[in-house]
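Architecture at a glance
Spelled out from the first residue to the last, the chains are:
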Amino acid sequence: MGLIVQKFGGTSVKSAESRKAVLNHILKAKAAGNDVVVVVSAMGRRGDPYATDTLIDLLREQGGKINPKTQDLLMSCGEIISACVMATYIEAQGVKAEAMTGFQAGILTTDDFGNADIVNIDPEPIQAKLREGKVVVVAGFQGRTRNNEITTLGRGGSDTTAVVLGGYLKADLVEIYTDVPGIAVTDPRVVPEAQFIPKLSYDETIAMAENGAKVIHPRAVKAAKEFNLQVRVKSTFDESEGTLVGPEASDLTICGISLTKDIAAAKYERGADFTEAELIKLQSISNDKTLYGDSSRQKVILLDEGRKDIGMSLADELKAQVSFLENMSKVTVVYKDTVSSKEVDDRITAILAGEDISVVAKKQFENCCSYIVEEDTAKKSVKAIYKAFFK
Ligand code: ADP
Ligand code: MG
């Protein structure tokens, strides 16, 4: 008996049938004597009537510039609808439940509209409803600023809502329910036979999530580490144990192969390299602050594909001889921090060379190594690395 936070993603709450599976997990946790706080995402994906992207399209159709505050206010409705539907469904089973917006649940955020960070949660409003014996269903992905404006937390934000709520409510466990049975070595959409991992450390999961394993949001894992909270990632649609993310590391040498698409690489013409000032300017528009190196150790900066044009005009302004390589992907291999990173790197370099895949640049970190490859060789790279380590 304790307090459990259960988060259900968009595909889990999408249809009446999937919500039945959701209901089962909630009732089971409640019947076992737990206090249960449920966090829900908006229902479904673009095209579904109340999905986040469908709502944004409503504003886009009006033409003109969208006020970020207005966009957040509208986007927050998707999760609110979902919470109301789920709470009503639970009550229909004779179990007390109540829906709450992020605002009502006391979630205070920064004022970065569209990408706000949770700064504090007042646990009292939720605790009051738990004391009444209710299942509390909180709309994920949202909060309010000090000025009472509604904010959203960015893609994957409901994961963060669940974990940070878990932290402030001193939950015993946070469960992230999704459409796959846990965290796999790599995206099962790329490698269908990818092995699911029973346990992963916070740092292993952060390295995977920051580099494209979108099954859990990196901010959520970082929050779990800060609160020292156990998080279980599992499927809504079966009874398997899923993946436990906690202080203990996996038993694998290589636990993750993550993929980030849609990036552009900025590099100097041969023989020259960025000046300090150029680096600072270009890095300021890069999401990835890292400097990568090519085979001759020249520096490479990564930009989101959508920021390439800004990068190009910046380079022009600075009269820098920079070329921009388009349609790049980043393949990141996460390994145990106790193994020799040189050995891992040598092996991966050989695997990629064996497939005739050219590496534009790479970089080693404490527990992972990233390889920049052309987008049309990215999946092939992931598959080859998986096969070499997991055959
Ligand atoms: P939700 O709506 O439940 O939050 P997401 O779509 O955000 O679900 O995350 C689940 C998806 O993440 C899976 O369908 C899977 O394709 C993808 N994914 C990417 N990398 C991994 C990985 N390493 N392990 C498991 N799933 C992954
Ligand atoms: Mg998600």
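Above this text you will find the structure in question.
In this text, all values refer to a predicted model and were calculated from it rather than measured experimentally. (Residues numbered from 1 in each chain as written. Chains lettered and ligands numbered in written order. Predicted model: local features only at pLDDT ≥ 70, side-chain atom pairs only at ≥ 80, totals over all residues. Heavy atoms only, no water.)

1. Some remarks on the sheet that holds strand S11 (residues 231-235)
For the record, the criterion: Strands are labelled as partners when DSSP assigns at least two bridges between them. What counts as a helix is a DSSP run of H or I of at least four residues, what counts as a strand is a run of E of at least two, and both are numbered from the N terminus. Interaxial angles span 0 to 180 degrees and are taken between N-to-C directions of axes, which are lines fitted to C-alpha atoms, for helices over the stretch in contact.
Strand order across the open sheet formed by eight strands is S3-S6-S2-S1-S9-S11-S12-S10, with mixed pairing between neighbours. Edge positions in the sheet fall to strand S3 (97-100) and strand S10 (199-201), since each of these pairs with one other strand and no more. Pairs of neighbouring strands in the sheet enclose a mean axial angle of 20°, with direction left out of account. In the sheet, strand S1 (residues 3-8) pairs with strand S2 (residues 35-40) via six bridges, with the strands oriented parallel. Within S2, the position partnered with Phe8 by the bridge is Val40.

2. Section: helix H2 (residues 52-60)
Quick note on the threshold: A 1.4 Å probe rolled over the protein chains alone gives each residue an accessible area, and that area as a share of the maximum for its type sets the label: buried under 20%, exposed over 50%, partly exposed in between. The contact definition used throughout considers only heavy atoms, calling two residues in contact when any of these lie within 4.5 Å.
Burial in H2 covers these residues: Thr52, Asp53, Thr54, Leu55, Ile56 and Leu59. Contact partners of the buried residues in H2: helix H3 (68-91).

3. Some points on the environment of Ala42
Of note, Ala42 is situated in the loop between S2 and H2. With 84 residues separating them in the primary sequence, Ala42 and Ile126 have C-alpha atoms 20 Å apart. Aside from chain neighbours lying at most four places away, what touches Ala42 is Gly10, Val13, Tyr50, Ala51, Thr52, Gly78, Glu79 and Ser82.

4. Focus: the pairing of S1
Condition: A clockwise course of the path from the first strand over the helix to the second, judged with the strands pointing away from the viewer, identifies a crossover as right-handed.
Within S1, six of the six residues are buried, which leaves it mostly tucked inside the rest of the structure. What joins S1 to S2 is helix H1 (residues 16-31), and the crossover it makes is right-handed. Pairing analysis gives five bridges linking S1 to strand S9 (residues 173-178), with the strands arranged parallel. Counterpart to Gln6 in the pairing with S9 is Glu175.

5. Some thoughts on the site of ligand 1
Put simply, the rule reads: When at least one non-hydrogen atom of a residue lies within 4 Å of a molecule or strand, that residue is treated as near it. Between N or O atoms, a polar contact is any pair within 3.5 Å; within protein, one atom must be a potential hydrogen donor and the other a potential acceptor, and residues adjacent in sequence are included only when both atoms are from side chains. Areas reported here follow the Shrake-Rupley algorithm with a probe of radius 1.4 Å; residue values treat only the protein chains shown as occluding. All residues other than Ala, Val, Leu, Ile, Met, Phe, Trp, Tyr, Cys, Pro, Asp, Glu, Lys and Arg, Gly among them, are scored as polar; the first ten of these are nonpolar and the last four charged.
Neighbouring ligand 1 are 18 residues; Thr178, Asp179, Ala184, Asp187 and Arg189 lie closest to it. Within the side chain of Thr178, an N or O atom sits 2.7 Å from an oxygen atom of ligand 1. Its free accessible area being 580 Å², ligand 1 has 93% of it covered by the protein chains. In terms of residue class, the shell around ligand 1 is made up of seven nonpolar, five polar and six charged.

6. Overview of the pattern of salt bridges
Applicable threshold: For this document, the term salt bridge refers to a Lys or Arg side-chain nitrogen within 4 Å of an Asp or Glu carboxyl oxygen.
One pass over the structure, following the stated rule, counts 25 salt bridges. Between Lys129 and Glu98 there is a salt bridge, and its shortest N-O distance comes to 3.3 Å. On the criterion of sequence distance, the pair formed by Lys129 in helix H4 (residues 124-131) and Glu98 in strand S3 is long-range, its members being 31 residues apart. Residue classification places Lys129 among the buried positions, given a relative accessible area of 18%. Lys342 is the partner of Asp346 in a salt bridge, and the nearest nitrogen-oxygen pair spans 2.6 Å. Here Asp346 pairs with Lys342, and both are found in helix H10 (residues 341-354), just four residues apart, close to one helical turn. Among the charged side chains, a network of salt bridges with common partners joins Arg46, Asp53, Asp57, Arg60 and Arg155.

7. Considerations on the pairing of strand S16 (residues 322-335)
Successive side chains on a regular strand alternate, one facing one side of the sheet and the next facing the other. Burial analysis of S16 places ten of its 14 residues in the buried class, which makes it a mostly covered element. Of the strand pairs in this sheet, strand S13 (residues 254-268) and S16 are connected by eleven bridges, and their pairing is antiparallel. Paired with Leu259 across the bridge in S16 is Val331.

8. Some words on the packing of aromatic side chains
Just so we agree on the cut-off: Each Phe, Tyr or Trp ring, with Trp reduced to its six-membered ring, pairs with another whose centre is within 6.5 Å; inter-plane angles below 30 degrees give stacked pairs, above 60 give edge-to-face pairs, and intermediate values give tilted ones. Placement of a positive charge over a ring is assigned whenever Lys NZ or Arg CZ falls within 6 Å of the ring centre and within 35 degrees of the normal to the ring plane.
Taken as a whole, this structure holds four aromatic pairs when the rule is applied. Measuring from centroid to centroid gives 4.7 Å for Phe8 and Tyr177, while their planes differ by 15°, and the two rings are stacked. Highlighted residues: Phe8 in strand S1 and Tyr177 in strand S9, separated in sequence by 169 residues. When its relative accessible area of 2% is taken as the criterion, Tyr177 is described as buried. With 5.2 Å between their ring centres and 90° between their planes, Tyr268 and Phe274 make a pair best called edge-to-face. In this structure, Arg144 is placed above the aromatic ring of Phe103, and the distance from its NZ or CZ to the ring centre is 5.4 Å.

9. Topic: the state of the cysteines
Here is the rule we go by: Cysteine sulfur atoms that come within 2.5 Å of each other are treated as a disulfide pair.
Applying the stated rule across the entire model yields zero disulfides. Summary of cysteine pairing: Cys255 is not part of a disulfide, and the nearest cysteine sulfur, belonging to Cys368, is at 9.4 Å.

10. Some remarks on the nonpolar core
When a protein is soluble and globular, its nonpolar side chains tend to lie buried together. Using the following cut-off: Among the buried residues, those of types Ala, Val, Leu, Ile, Met, Phe, Trp, Tyr and Cys that are joined through side-chain atoms within 4.5 Å form a nonpolar core.
If you look at the biggest cluster of nonpolar residues, it comprises 69 residues, and the most contacted ones within it are Val37, Ile126, Val138 and Val231. At six residues, the largest contribution of residues to this core is made by helix H11 (residues 375-390). Once you skip the residues sitting within four places of it in the chain, Val37 turns out to touch Leu3, Ile4, Val5, Gln6, Ile126, Leu130, Val136, Val138, Leu165 and Leu169. Counting 20 residues, the second-largest nonpolar core is a separate cluster that includes Val13, Met43, Met86 and Ala139.

11. Looking at unusual backbone geometry
What you tend to see is this: most non-glycine residues have negative phi, and most peptide bonds are trans. The phi dihedral of Phe141 falls on the positive side, at around 75°, and the residue is not glycine. On the secondary structure map, Phe141 appears in the loop between strand S6 (135-139) and strand S7 (142-144). A positive phi angle, close to 60°, is found at Asp356, a residue other than glycine. In this fold, Asp356 is placed in the loop between H10 and strand S17 (359-364).

12. So, helix H5 (residues 157-168)
Put simply, the rule reads: Here, expected helix span is obtained from the residue count minus one, scaled by 1.5 Å.
The first and last C-alpha atoms of H5 sit 17 Å apart over twelve residues, in line with the 16 Å expected at 1.5 Å per residue. The buried fraction of H5 amounts to eleven of the twelve residues, a majority that puts the element mostly inside the structure. Residues of H5 that are buried include every one of Gly157, Ser158, Asp159, Thr160, Thr161, Ala162, Val163, Val164, Leu165, Gly166 and Gly167, and no others. One or two steps after H5, the chain reaches Lys170, where phi turns positive at roughly 55°.

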